[in-house]
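Residues per chain are reported as follows:
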Amino acid sequence: MTKDGSILVVDDEIVIRALLVDILTEEGYAVETAGSARDALNLLQQDNNFVILFTDIMMPEMDGIELIREARKITPTVIPIVMTGFATLETARAAVKEGAYDYVLKPFSLSEIKLAVTNAIERHRLENENARLREINELFNISEKITGMRDEEALLDFVLRAALDRVGARRGSLMVTTPDGKALEVAASVGLPEEAAKTIVEMGRGISGMVAKSARPLLVEDIGQSPDIEQISRRLQGDSFVSVPLEQKWPSGYNGPLSTIEPHVLGVLNVTDKKDGSRFTEGDLKILSIVANHAAAALENARLIKSVEDAHLSTLQSIALLLEAKDAYTHGHSQRVRNYSVWAARRLGMAETDIEVLRLGAALHDVGKVGVKDGILNKRGEPTPEEWETIRRHPLVGYEVLMPVRVLRPEHRQLVRGHHERMDGSGYPDGLPGDQLSPVTRVIIVADAYDAMASDRAYRSALSPAQILEQLKQHSGTQFDPQVANAFVELVESGKTPPQE
Ligand SMILES: [Fe+2]
């Protein structure tokens, strides 16, 4: 116990104190004594390493039960054991109810004391072990949760909140390195004023800049004791705070020997203001460093996935453009359908998420034409019924081609699949009626048909505005959603072209 903590013996009788010191030091424990509850509280305040508090119950000024209550405010983990004579056995039981772990009756034997201490230490060990296990478990949960997160903003917000929660802090921020590596900007914050959340600090400046530049964590237990730190800290840091770097262990895509590269810092996690008013400890620093390490790995992962997905999407969009490039008549079709769809969705007051689905979905809507032979696509004149059959498969082919693309959501694929459906259910490939088509699908149906009408085709010339108006009105409700068709009627009548998306 000399290493892990010591025993505090409190009794107003010097004989008892001396006796216990003899017994316990003989057993190899470190022992301190106090002749009153007041002295005991003073000792606890000076030293938080006490594991067991042996206290008499009947003492002048403050009794043992009250001492236990006060002691626990200072050292919540201390294990109290009360000593009492037979006359106050009831009081001893009451003390146990109040939180005393055990009691020994005076006059006590050597073995009773030893047993009480051994039991208390075992309990202390188990409590420590449980606390450690709980901590590891919590950290594991955080790590597991963030590893699967792909949205950077949500990931950083979660990390910050989890970090604050783990160390019981109220305020904090998570800053990320700007793309040029020269500064840090706040990516997530809790409890900070709005203007502070927009702060950008230069690398090497202020606490965060210093931690990022040196890639070393910083624990300031008490700013009053660190005048050099106080000079560079901003008022947002409390009296006690922790800043830890989010360190990337090796650059993404790096395949060479790991020993030859410097790790670099993706950001800094700042935490301050403990809920219980206490100061941050080495233990907090350790926990926050673990969280920051996992966060750095998860952030790097999310960015890597994003760049792979972006590359994948660009490839797909290039394929769609290549397909169009082969056909002089559909050149620019996907881009125009995208412009029309986004314009109409805005006109109809659709949500930004729907507009996003249309933006990407429209770019890819005819990707299934990859499965239609060039001869058929470029054929002059009306296709034969067999050729029509092949052409009519392209929404389904597109849907299947896009199936393995994880970055696309089901709404994107449904949009591609459904762009030749009709409100009356006579479209293809599924023949779904209007009430089973999503609003975005109903938009692209009209946008796609509109562009087809307004462009030359191998087998016919573009329709005039008057003819397009007639078609829109004629097929409103049967082929087209009436609201969407109306929007396009207004577009033709205005003579305008929607902006490039
Ligand atoms: Fe199509």
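Going by the structure above, here's the rest.
Residues numbered from 1 in each chain as written. Predicted model: local features only at pLDDT ≥ 70, side-chain atom pairs only at ≥ 80, totals over all residues. Heavy atoms only, no water.

Chemist: What is the right way to read the overall build of the protein chain from this model?
Modeler: When you go through the protein chain residue by residue, the secondary structure sums to 18 helices and 11 strands. The globule rule puts the C-alpha radius of gyration for 501 residues at 23 Å, and the 36 Å found for the protein chain is more than 25% above it. The proportion of buried residues among the 501 residues of the protein chain is 47%. Taking the intrachain contacts of the protein chain between residues at least 6 apart in sequence as the baseline, contacts between residues at least 24 apart amount to 62%. On the protein chain, roughly 25,700 Å² of surface is accessible, and the fraction owed to carbon and sulfur atoms is 51%. (Helix = DSSP H or I, 4+ residues; strand = E, 2+ residues; numbered from the N terminus. Rg over C-alpha atoms; globule rule 2.2 N^0.38 Å. Buried < 20%, exposed > 50% of the residue type's maximum accessible area, 1.4 Å probe, protein only. Contact = heavy atoms within 4.5 Å. Areas by Shrake-Rupley, 256 points an atom, 1.4 Å probe, with all protein chains shown as cover.)

Chemist: What should I look at first to understand the packing of helix H1 (residues 14-26) against helix H5 (residues 110-147) in this one?
Modeler: How two helices sit against one another is set out by the angle between their axes and by the gap between those axes. Here H1 crosses H5 at 65 degrees, and the two axes come no closer than 11 Å. Handedness of the crossing formed by H1 with H5: right-handed. Across the interface between the two elements, Leu20, Ile23 and Leu24 from H1 touch Leu110, Ile113 and Val117 from H5. Its residues assigned to classes, the contact of H1 with H5 comprises 6 nonpolar, no polar and no charged. (Axes fitted to C-alpha atoms, helices over the stretch in contact; angles between N-to-C directions. Left-handed = near helix turned anticlockwise from the far one by under 90°. Nonpolar A, V, L, I, M, F, W, Y, C, P; charged D, E, K, R; others polar.)

Chemist: Any chance you could explain the coordination of the iron ion here in plain terms?
Modeler: Each pair of donors in an ideal four-coordinate tetrahedral metal site encloses 109.5 degrees, whereas pairs in an ideal six-coordinate octahedral site enclose 90 or 180 degrees. For the iron ion, every protein donor is listed as Asp366 (OD), His394 (NE2), His419 (NE2) and His420 (NE2), and the spread of their distances is 2.1 to 2.3 Å. Note that the iron ion binds 4 donor atoms; their angles at the metal cover 82 to 167 degrees, and the shape is irregular. (Donors = N, O, S within 2.8 Å, 3.2 Å for Na, K, Ca; no water. Tetrahedral: all angles 85-135°; square planar, octahedral: opposite > 155°, others 65-115°.)

Chemist: How should I be thinking about the nonpolar core in this particular structure?
Modeler: Side chains of a nonpolar character, in soluble globular proteins, are inclined to be buried together. In this structure, Leu155, Leu174, Leu246, Leu269, Val271 and Leu288 are the most contacted members of the largest nonpolar core, which totals 35 residues. Looking at this core, the elements with two or more residues in it are H5, helix H6 (152-167), strand E6 (169-177), strand E7 (183-190), strand E10 (241-248), strand E11 (264-274) and helix H9 (282-326). Sequence-distant contacts of Val271, defined by excluding residues within four places in its chain, comprise Leu164, Val167, Ala169, Arg171, Gly172, Phe241, Val242, Phe280 and Leu288. Counting 33 residues, the second-largest nonpolar core is a separate cluster that includes Ala345, Leu358, Met453 and Leu491. (Core = buried A, V, L, I, M, F, W, Y, C linked by side-chain atoms within 4.5 Å.)

Chemist: Just to check I follow, could you spell out the layout of surface pockets for this structure?
Modeler: Remark: the empty space left among the atoms is shown by a probe the size of a water molecule rolled over them. If you add up the space inside the largest pocket, you get close to 1,600 Å³. Lining the largest pocket are 38 residues, and of these Asn48, Thr77, Asn128, Thr281 and Gly283 lie nearest its centre. Sorting the residues of the lining of the largest pocket by element identifies helix H2 (37-46), strand E3 (50-56), helix H3 (64-74), H5, H6 and H9 as the ones contributing at least two each. With 9 residues, H5 is the largest single contributor of residues to the lining of the largest pocket. (1 Å grid on protein atoms, 1.4 Å probe; cavity = no way out; pocket = protein on both sides within 12 Å on 5 of 7 lines; lining within 4 Å. Points joined across faces, edges and corners; volume = space filled by probe spheres on them.)

Chemist: It is not clear to me how the environment of Met350 should be interpreted in this structure. Could you clarify?
Modeler: Assignment of secondary structure puts Met350 in the loop between helix H10 (333-347) and helix H11 (352-364). We classify Met350 as buried; its relative accessible area is 17%. Separated by 90 residues in the primary sequence, Met350 and Val440 have C-alpha atoms spaced 8.8 Å apart. Discounting residues that sit within four places of it in the chain, Met350 has contacts with Ala345, Ile355, Pro439, Val440 and Val443.

Chemist: Before we go on, may I ask you to explain empty space enclosed by the protein in this structure?
Modeler: Applying the stated rule across the entire model yields 4 cavities of 30 Å³ or more. Its volume calculated, the second largest cavity comes out at about 80 Å³. Lining of the second largest cavity is provided by Ala320, Leu323, Glu324, Asp327, Thr330, Ser334, Asp366, Val367, Lys369 and Leu377. Per-element accounting of the lining of the second largest cavity gives the leading share, 3 residues, to H9. Taken together, the residues of the lining of the second largest cavity sort by class into 4 nonpolar, 2 polar and 4 charged.

Any link to function would need more than the numbers given here.
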